Amino acid sequence: KHRAPGRSWSAPTWMPGRKRRAEAMAEASDAQEAGAGDVVRAHAFVSGKVQGVFYRKNTVIQASERGLAGWVRNLRDGRVEFAAEGPRAQVEDLLRWCRIGPRKAQVDDVEVSWETPEGVSGGFRQLKDG
């Protein structure tokens, strides 16, 4: 399609998954400030082809975009382990992403346990292998 000069295309808000990153982050921040949603902590083990495919790096990016705190690391047995803490909706959204992972990953299973939030801060980071 032809666009008028100087006009850029942006996805309509009714298209799922097409919000701009800044808008999604602002909404998450607003929801957190307003106290929307319980704060939860998910501790997960991801199995499959999840090492050597930038799974940890992408988990840090995905969790940070959702305003979550926590960590991710590789395990010696080939799995990836992570803990994510924040508003329930954002944690559940991260878990949905984790079941797919980055392009080169092949996720076989995501084992999740819900824990008492620890009130961690400082963002989401990658730890040394465990």
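Higher on the page you've got the structure.
Below: a short report on this structure. What you see is a predicted model; the values in this text were computed from it and never measured. (Residues numbered from 1 in each chain as written. Predicted model: local features only at pLDDT ≥ 70, side-chain atom pairs only at ≥ 80, totals over all residues. Heavy atoms only, no water.)

Structural notes on helix H2 (residues 55-65)
Thinking step 1. Turning to H2, its buried residues number three or more, namely Tyr55, Thr59, Val60, Gln62, Ala63 and Glu65.
Thinking step 2. In the segment just after H2, Gly67 is the residue with positive phi, at about 75 degrees. (Buried < 20%, exposed > 50% of the residue type's maximum accessible area, 1.4 Å probe, protein only. Helix = DSSP H or I, 4+ residues; strand = E, 2+ residues; numbered from the N terminus.)

Some words on the sheet that holds strand S2 (residues 69-74)
What links the strands of a sheet is backbone hydrogen bonding, and the strands pair in either a parallel or an antiparallel sense.
Thinking step 1. The five strands are arranged S4-S1-S3-S2-S5 in an open sheet whose pairing can be described as mixed. Each edge of the open sheet carries a strand with a single partner, namely strand S4 (106-115) and strand S5 (124-126). With strand direction ignored, the average angle separating the axes of adjacent strands in the sheet is 20 degrees.
Thinking step 2. With six bridges connecting them, S2 and strand S3 (residues 80-87) associate as antiparallel partners. (Pairing = 2+ DSSP bridges. Axes fitted to C-alpha atoms, helices over the stretch in contact; angles between N-to-C directions.)

Observations concerning the pairing of strand S1 (residues 39-49)
Thinking step 1. By the bridge criterion, eight bridges tie S1 to S3 in an arrangement that is antiparallel. Residue pairing across strands places Val39 opposite Pro87, the latter belonging to S3.
Thinking step 2. Two elements, S1 and S4, share nine bridges in a ladder whose sense is antiparallel. Bridge pairing in S4 links Arg41 to Glu115.

Structural notes on unusual backbone geometry
A negative phi angle is the norm for most residues apart from glycine, just as the trans form is the norm for most peptide bonds.
Thinking step 1. The backbone of Phe54 shows a phi angle near 65 degrees, a positive value even though the residue is not glycine.
Thinking step 2. Take Phe54: it is sitting in the loop between S1 and H2.

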